[in-house]
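Structural description and commentary
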Amino acid sequence: MIQHLHRLLRFVALFLVLSPFAAFAKTHLQVRSEESQWIVEEIGTATDGWPEVLERKYYPSQELAQQELLKLQKKSPVSSLTTLSLQPQMATGALWITTNQWSDEWENKYAAWIENEVSVDFFVENNIATDCADVAYSLRWVFSRIHGLPAANILGGSNVLMTNETVRSAWAKLPTAAKWTDDKRFRAALNYLLGLTYTHTLWDDSFPVALNRDALKSGSYNLNLHDSSGHTQVIHWLGANSGLPFLTLNSTVPRKVRQLMDSLLFADFPKKNETAILRFRWAVKNSSRISLLKASAMPGFSEEQYSFKSDKDFTIALFDKLGVPSEPESISEYLAKDIFELFTARIDIVKEGFAKCQKIDCKPGSAGYENWSTPSRDSRISGKISTYENLPVKEGSTWADKVVLDLEGTGWPLKSLIWNWKNSVYSSDPRDTVEARWSGGLHSWKDQQFQFLRSKLSEREKFLTRSESACRNKNCAYGTTLWEQHSSDKIDSELRDRMAYIKAGASQLPKDVVRLLQNSADENLYSLRGQAWTLGDFLLRSPQMSSNPKASFENQWGLQQKVFAVDFPSSWATALGDRWILAASSNSVVMDTQTGQSVDIDGKVVGLFSGRPWVAVIVAGELKVFDLESQAFKPATLPWASTAKAVMAKENYFAYFDGQETRVLQLNEQSQQWDLKETLAGKWSAVSSGLWLAKKAVGLYSVADHKLFPVSLETDEYNFFLADSYYFFGARLHPLIAIEKGTDKLIVTKTSGHLLWASKNFTHAVLMSKNGTQNFSVSKNLEFTSAEKLGDFCNNPGLSYIQCFSMRGGQMTFFSLDSDRVTPIRVPEGTRSINKNYFVAGTREEATLIERSTGRHIFKSPWLRLVGENYAFAKSSVAGYVHVLNLIDLANPYLTNVLKYKNYYSTDSYSRDFPEYIAGSDSGLGIWFRD
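Residues numbered from 1 in each chain as written. Predicted model: local features only at pLDDT ≥ 70, side-chain atom pairs only at ≥ 80, totals over all residues. Heavy atoms only, no water.

What to know about the overall build of the chain
Condition: A run of H or I in DSSP counts as a helix once it spans at least four residues, and a run of E counts as a strand once it spans at least two, with each numbered from the N terminus. Buried means the residue's accessible area, taken with a 1.4 Å probe over protein chains only, is under 20% of the maximum for its type, while exposed means over 50%, and partly exposed covers the values in between. Note on contacts: a residue pair qualifies if any of its non-hydrogen atoms lie within 4.5 Å across the two residues. Methods summary: accessible areas were calculated by the Shrake-Rupley approach with a probe of 1.4 Å, and residue burial reflects only the protein chains presented.
The secondary structure content of the chain amounts to 21 helices and 57 strands. The burial tally for the chain puts 53% of its 931 residues in the buried class. Long-range pairs, those at least 24 residues apart, make up 53% of the contacts in the chain between residues at least 6 apart in sequence. Total accessible area computed for the chain in this model is approximately 41,600 Å², and 49% of it derives from carbon and sulfur atoms.

Details of the pairing of strand S45 (residues 813-818)
What counts here: Strands are treated as partners if at least two bridges between them are detected by DSSP.
In this structure, strand S44 (residues 801-805) lies alongside S45, joined through four bridges in antiparallel fashion. Bridge pairing links Gln 803 to Phe 814 in S45. Across five bridges, S45 lies against strand S46 (residues 821-825) in antiparallel orientation. When the sheet's bridge partners are listed, Phe 815 is paired in S46 with Pro 824.

Considering the packing of helix H4 (residues 104-117) against helix H6 (residues 132-147)
Applied cut-off: Axes, fitted as lines to C-alpha atoms, cover a helix only where it is in contact. Angles between the N-to-C directions of the axes lie from 0 to 180 degrees. Should the near helix be turned anticlockwise from the far one by less than a right angle, the crossing is left-handed, and should it be turned clockwise, the crossing is right-handed.
Close contact between H4 and H6 brings their axes to 11 Å; oriented N to C, the two are set at 115°. Here the hand of the crossing between H4 and H6 comes out right-handed. Contact with H4, carried on its side by Trp 106, Glu 107, Lys 109, Tyr 110, Trp 113 and Ile 114, involves Ala 136, Leu 139, Arg 140, Val 142, Phe 143, Ile 146 and His 147 of H6 and no other residues of that element.

Examining the sheet that holds strand S36 (residues 726-730)
Reading across the sheet, the four strands line up as S35-S36-S37-S38 and stay open at both edges, with antiparallel pairing between neighbours. In the strand order of this sheet, the two ends are held by strand S35 (719-722) and strand S38 (746-752), each with one partner. Strand-to-strand twist across the sheet, computed as the mean angle between neighbouring axes with direction ignored, equals 25°. As defined by bridge partners, strand S37 (residues 735-740) adjoins S38 across four bridges and the pair is classed as antiparallel. What sits directly across from Ile 739, in S38, is Leu 746.

Some points on the pattern of salt bridges
Opposite charge on two side chains permits them to pair, given that their charged atoms come into close proximity. Spelled out, the test is: When a carboxyl oxygen of Asp or Glu lies within 4 Å of a side-chain nitrogen of Lys or Arg, that pair is called a salt bridge.
Counted according to the given criterion, the structure contains 31 salt bridges. Ionic pairing is found between Lys 109 and Glu 105, a salt bridge with its closest N-O pair at 3.7 Å. Pair noted here: Lys 109 and Glu 105 are both in helix H4, with a separation of four residues, about one helical turn. The closest approach of N and O atoms between Arg 145 and Asp 183, which form a salt bridge, is 3.0 Å. Within this pair, whereas Arg 145 is found in helix H6, its partner Asp 183 is found in the loop between helix H7 (169-172) and helix H8 (184-195), the two being separated by 38 residues in sequence. Residue Arg 145 shares its accessibility class with Asp 183, and that shared class is buried.

A short note on the nonpolar core
Buried together is how nonpolar side chains tend to be arranged in soluble globular proteins. Let me state the cut-off plainly: Within this scheme, the nonpolar core is defined by two criteria: the residues are buried Ala, Val, Leu, Ile, Met, Phe, Trp, Tyr or Cys, and they are joined through side-chain atoms within 4.5 Å.
If you look at the biggest cluster of nonpolar residues, it comprises 135 residues, and the most contacted ones within it are Leu 139, Met 162, Leu 216, Phe 246, Phe 343, Trp 438 and Phe 538. Of all the elements, helix H11 (residues 328-356) adds the most residues to this core, at eleven residues. With near-sequence residues (within four places) excluded, Leu 216 lies in contact with Val 209, Ala 210, Leu 211, Ile 235, Leu 238, Phe 246, Ile 277, Leu 318 and Leu 322. Counting 16 residues, the second-largest nonpolar core is a separate cluster that includes Trp 483, Leu 866, Leu 887 and Leu 890.

Some details on helix H13 (residues 375-390)
In an α-helix, one turn spans 3.6 residues, which is why side chains three or four residues apart end up on the same side. Our working rule: An expected span of 1.5 Å times one less than the residue number is assigned to each helix.
Given a rise of 1.5 Å per residue, 16 residues ought to cover 22 Å, and the 23 Å separating the end C-alpha atoms of H13 matches this to within 8%. Taken residue by residue, H13 has Pro 375, Ser 376, Asp 378, Arg 380, Ile 381, Gly 383, Lys 384, Ile 385, Thr 387 and Tyr 388 as its buried positions.

Here we look at the confidence of the model for the chain
As a reminder, the rule being used: Each residue carries a pLDDT score, the predictor's confidence in it, ranging from 0 to 100.
For the chain, per-residue confidence averages 83 on the pLDDT scale, and 85% of positions sit at 70 or higher. Here helix H1 (residues 2-18) is the element of the chain with the lowest mean pLDDT, 35, and helix H15 (residues 434-438) is the one with the highest, 97. Taken as a whole, residues 1-25 scores under 50 in pLDDT and shows nine contacts with residues more than four places along the chain or in a different chain. Predicted confidence is poor over residues 920-925, with pLDDT under 50, and the contacts of this stretch with residues over four places away or in other chains come to 30 contacts.

Concerning the state of the cysteines
Here is the rule we go by: Only a pair of cysteine sulfur atoms within 2.5 Å qualifies as a disulfide here.
For the coordinates displayed, the defined rule picks out three disulfides. Cys 357 shares a disulfide with Cys 362; S-S distance 2.0 Å. An S-S torsion of about -80° defines the bridge between Cys 357 and Cys 362 as left-handed. Residue Cys 357 is classed as buried on the basis of its relative accessible area, which comes to 11%. Its relative accessible area of 2% is what places Cys 362 among the buried residues. Each sulfur in the disulfide pair Cys 794 and Cys 804 lies 2.1 Å from the other. A torsion of 110° about the S-S bond marks the disulfide between Cys 794 and Cys 804 as right-handed.

A closer look at the environment of Cys 132
The residue Cys 132 is located in helix H6 in this model. C-alpha separation for the pair Cys 132 and Leu 249, spaced 117 residues apart in sequence, amounts to 9.0 Å.

Spelled out as structure tokens, the structure:
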């Protein structure tokens, strides 16, 4: 039976060779990505057995590329999607004679050649067309040709290893020359090589290098195959003592003779098979053949970079690891200049592309699209902006306000275009107008925003009408498949993104554009069931709009106000009493939650007064008090040095350091004057959450009692904790200090640590110190005994629970704080947080809500945070917005699409099940909502 099967297989193989379909079997189809473009290629076999590109088309998306691939498969039904196995015919001779072998010495010479001989004009001067991967390939082959070194690379879509000693018959007829630039045979072969190699073949010809100065040298390259952004950056300068390390040379697609871009390395953290810093494997000449040395046999081979981690941007972290001198200010300015030049270089291709595409076909897949679209350029700009944003120093850049281009009489500076790219509102399609390509202009820009919002609102209205019908008698609760199908979550995320772009762009967009937008606030935007909506209506109601497919019409369209939104230049906010919110780092914007209106204060807010609607403000060098209710300054002022540092403002006290001493003032409400209560030598620090000041080695000062408690403090950064009869002050690695209320009795305990929790009568306490977090029994004379370790690091996220981590990894542990006891809680594996009714288990990428009483899995979410006992913050998609869920009734989320989660800060109170809540995000929008 087996013999019969073998005969049958041989017959089928012979049939394919002899049949008219055999030619099709020698065709390779592939879809690959290169610098944010998707490329469809058909690679066939030439008459001499060498691979050749039969067709190559460019598309803006993988979806369009796959559609073209299906067309080609139907046209050539026997086409192979596997690598072509070919045996090309070889002519006698060689491209050049191998006279040397690669070694560390030759690698160092190669690095020096790239640093000293290769400039941004190298390929223009030598008339060589390149795309991004071609820079690495061609430099290697040119250097090898000059010095008689072997060269070898695998041709895309095939098994063919092209070397300097493999020659097509067509090349053998071409003349050679001693100088490589005049060697027509070599140049023809190089052009062929570059047409059949790219970022994905380069990965196979390379090896990952150790992250040290011996292995990582000029000529190395960063290769990124992640998603659609395949890109190669050749390192040509390691920046010894320049302040600007790791400069790279870059080209782009399509292949063209062009000047290279000289830019700072920007890269993601290495990930195996996706992105890494690499070098070429050596081509080795053995007897009569040339082969590539195995990656693992290469000197300098190491996979350490795949486990390299840091909380800094990869480029900056790499500088630190290698000991490369770098100056953040110089790097920041260089990157800003780099981005400016990339935008400038884009101007002409956008103009020319629009003019050309009025006359020729520029749809995706056409030659016009390949020549005039800019997804690669735009992706590279976005990458550089991302690196620029992550640098520690970028404020005060001399480039931010420099105008890049003028559109409709309005200058668009660098910061405005960066804002557009960060929000992805530009276009790479050459058929779009110049204004649309930049998302610029004046009236055109406003029209673009109105057109987008109208289109999305119309789409939303139709979608929700269909959803209402589909969910009328079905369970479309949050977390179900029906919610995903019928909620307007995706549309609302797009609307919210655009709202954030418009509102938070007030400080980034050109002033003329912002002024025009403000003047258009009353212009009709959309008609909803016969009711006209202005732009101002939309901006006010959009935070209220619900994505819930079963919500009422009023809730779906934000006609019932639950949320107040305000523009916050900062990413976080601070509560002032139960009515006001301060955008803390902006130091000037306060929001009234009763009206939803923001109050712009003419001055710098330096302190808040709890219990009173006042803020302390510096105006023209004077300290003033601003009354938020009357929105007016109180008459009390005090001469104030502009360099003075605010220490704290609590109740009607204020303390500040003027450079020499710390002054404690009390505001006399009757006389409206500041009374000087105390002058303390030197600088004192505020102790959080209390009317206390601290100074290292001196002691604690009670502002309210005007008393100094001398104690040799080891730090001035203490936290405050109020127990039944003691004030406690603690820092993690320092002794705990207690002051008995109503007396001058001060106790320095023998135990050090930051106090997380104490029972009401202070018989038990949980402290975090260098020994980890421990639960103590406490005697009447404050002796801490019977220590029980809870974990290496613990926190108290909800007053009723302690959450602990181990430095060795593993599962978190949880403890309930019941009366005078700390009790372990049994939790499911992977639990990350808890409250009275629920567990949250899983990873950062996928969390599961579990009901504690039954163990029932309720739903999964890419991000989930419990709030109070019966509410949660959750996201329905990784890129989406936060939803506020009523866990008792998931069919009716409290709010949807309220906040983009990135860098997230919130303030809440645990005195109620669902507290008033303040939140902020990188979008520049802050929200306040309450039950």
